[in-house]
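Summary of the model geometry
Chain by chain, the residues:
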Amino acid sequence: MPHAYVVAQVDVKDPAAYEEYKAQVPATIAQYGGEYLARGGRIETLEGEPPLGRVVVLRFPSFEQAKAWYDSPEYAGPLAIRHRAAVSRSMLIEGME
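This section reports on the structure supplied with the text. Only a predicted model underlies this, so the values are computations on that prediction, with no experimental measurement involved. (Residues numbered from 1 in each chain as written. Predicted model: local features only at pLDDT ≥ 70, side-chain atom pairs only at ≥ 80, totals over all residues. Heavy atoms only, no water.)

Let's talk about the pattern of salt bridges
Note the following rule: Any Lys or Arg side-chain nitrogen located within 4 Å of an Asp or Glu carboxyl oxygen qualifies as a salt bridge. Put simply, DSSP marks the helices as runs of H or I at least four residues long and the strands as runs of E at least two long, and each gets a number from the N terminus on.
Going through the model one piece at a time under the given rule, you end up with four salt bridges. One salt bridge in this structure joins Lys13 and Asp11, with 2.9 Å as the shortest N-O distance. Note that Glu19 and Lys22 form a salt bridge whose closest N and O atoms lie 3.2 Å from each other. Placement of both Glu19 and Lys22 in helix 1 (residues 15-31) is noted, with a separation of three residues, approximately one turn of the helix.

Thoughts on the nonpolar core
Condition: Throughout this description, the term nonpolar core refers to a set of buried Ala, Val, Leu, Ile, Met, Phe, Trp, Tyr and Cys residues connected via side-chain atoms within 4.5 Å. Partly exposed describes any residue whose relative accessible area lies between the buried limit of under 20% and the exposed limit of over 50%, with all areas from a 1.4 Å probe on protein chains only and scaled to the type maximum. Whether two residues touch is decided by their heavy atoms; if any such pair falls within 4.5 Å, the residues are in contact.
Among the nonpolar cores identified, the biggest contains 20 residues, and Leu58, Phe60 and Trp69 are the most heavily contacted of them. At the level of secondary structure, the elements contributing two or more residues to this core comprise strand 1 (4-12), helix 1, strand 3 (54-60), helix 2 (63-70) and helix 3 (73-85). Per-element tally for this core: the top contributor is helix 1, with five residues. When residues no more than four places from it in sequence are discounted, the contact partners of Leu58 are Ala4, Tyr5, Val6, Ile29, Glu35, Tyr36 and Trp69.

All quantities given are derived from atomic positions and should not be read as evidence of function.
This is the structure we're talking about:
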């Protein structure tokens, strides 16, 4: 079964609230078998428009696990904080076997 990846671009508008989000979300990701691959590191745009701001990449064991995490009650609280603190684009991508 291929891994799945959540890729998010995040333009933080309220840094204090976003720090609260960052403190809460790792446990929810781990609970669903996910892990961070990239979290706000250096970015260089090679083609097209630059991302909104921070880029985060998560890996999950499967597409279903990633979707279960995103829709979970454990993530609902942190997600609400992120929606208040930032403008985001997120996508779920199925990897290759």
